[in-house]
Amino acid sequence: MKLSKKVVLLGHFGVGKTSLFRRFIDDAFSEDYKVTLGVQIKKKVIQLPSGIELSMVIWDTEGHQEIENTRKSYLLGSHAFIYVFDLTRKDTYINLNADIAYLKQHHPKVHIRIIGNKLDKVSEREIKKELKQESIPFDCLTSAKTNKNVSTFFNELAEELTK
């Protein structure tokens, strides 16, 4: 059985959306920071243990400090949103709860997952403690640079999208 699902990466500029995108799709990482203008779209086909072949069509969107500024056309027809924040920049997650509430209100049927990226730059134990104190929800902490938890996260999301 073959399925196709649209997944959109969201979050502030510079949080590592493109790095996660490139790490998962191409298994590549670059230290060079280039701002995403508009959107990049690529597909990765995943063969799941259930026998399902899933085409994940991933949209890497330009970053915005306000989720409401994301182009509505990028969000239409989505099956999942991955909200990415930078573990080293509190300003990228201080309004996370409001952003997630906005997405849930306007796209109630879309799966929403939250990633804290750049785990290679912080202590996992300390950041988990801080996120708990700030009441910041997250599904996974990743490092696009070291590839920590990236494939695992996307494969778990793929399984979830087929249920």
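Summarised in this report is the structure supplied together with it. (Residues numbered from 1 in each chain as written. Predicted model: local features only at pLDDT ≥ 70, side-chain atom pairs only at ≥ 80, totals over all residues. Heavy atoms only, no water.)

Remarks on empty space enclosed by the protein
Phase 1: Evaluated as defined, the whole model comprises one cavity of 30 Å³ or more.
Phase 2: The computed volume of the largest cavity comes to approximately 50 Å³.
Phase 3: When the residues that make up the lining of the largest cavity are grouped by side-chain class, the tally is three nonpolar, six polar and three charged. (1 Å grid on protein atoms, 1.4 Å probe; cavity = no way out; pocket = protein on both sides within 12 Å on 5 of 7 lines; lining within 4 Å. Points joined across faces, edges and corners; volume = space filled by probe spheres on them. Nonpolar A, V, L, I, M, F, W, Y, C, P; charged D, E, K, R; others polar.)

Section: the packing of aromatic side chains
Phase 1: Counting across every chain of the model gives four aromatic pairs.
Phase 2: Ring centres of Phe-153 and Phe-154 lie 5.5 Å apart, and the angle between their planes is 80 degrees; this geometry places the pair in the edge-to-face category.
Phase 3: By way of ring pairs, the aromatic residues Phe-24, Phe-153 and Phe-154 are connected into one cluster.
Phase 4: Here the basic side chain of Lys-6 rests over the ring of Trp-59, its NZ or CZ set 3.8 Å away from the ring centre. (Phe/Tyr/Trp six-rings, centres within 6.5 Å; stacked < 30°, edge-to-face > 60°. Lys NZ or Arg CZ within 6 Å of the ring centre and 35° of its normal.)

Quick look at the sheet that holds strand β1 (residues 2-10)
Phase 1: The strand order across the open sheet formed by six strands is β2-β3-β1-β4-β5-β6, and the pairing between neighbours is mixed. Of all strands in the sheet, those with a lone pairing partner are β2 (39-47) and β6 (140-141), marking the two edges.
Phase 2: As defined by bridge partners, β2 adjoins strand β3 (residues 53-61) across nine bridges and the pair is classed as antiparallel. In the sheet register, Lys-44 faces β3, and the bridge partner there is Met-56.
Phase 3: Packing against the sheet, helix α3 (residues 96-106) makes contact with β1, β4 (80-86) and β5 (111-117), and its axis sits at approximately 170 degrees to β4. (Pairing = 2+ DSSP bridges. Helix = DSSP H or I, 4+ residues; strand = E, 2+ residues; numbered from the N terminus. Contact = heavy atoms within 4.5 Å. Axes fitted to C-alpha atoms, helices over the stretch in contact; angles between N-to-C directions.)

These figures come from the coordinates and say nothing about function on their own.
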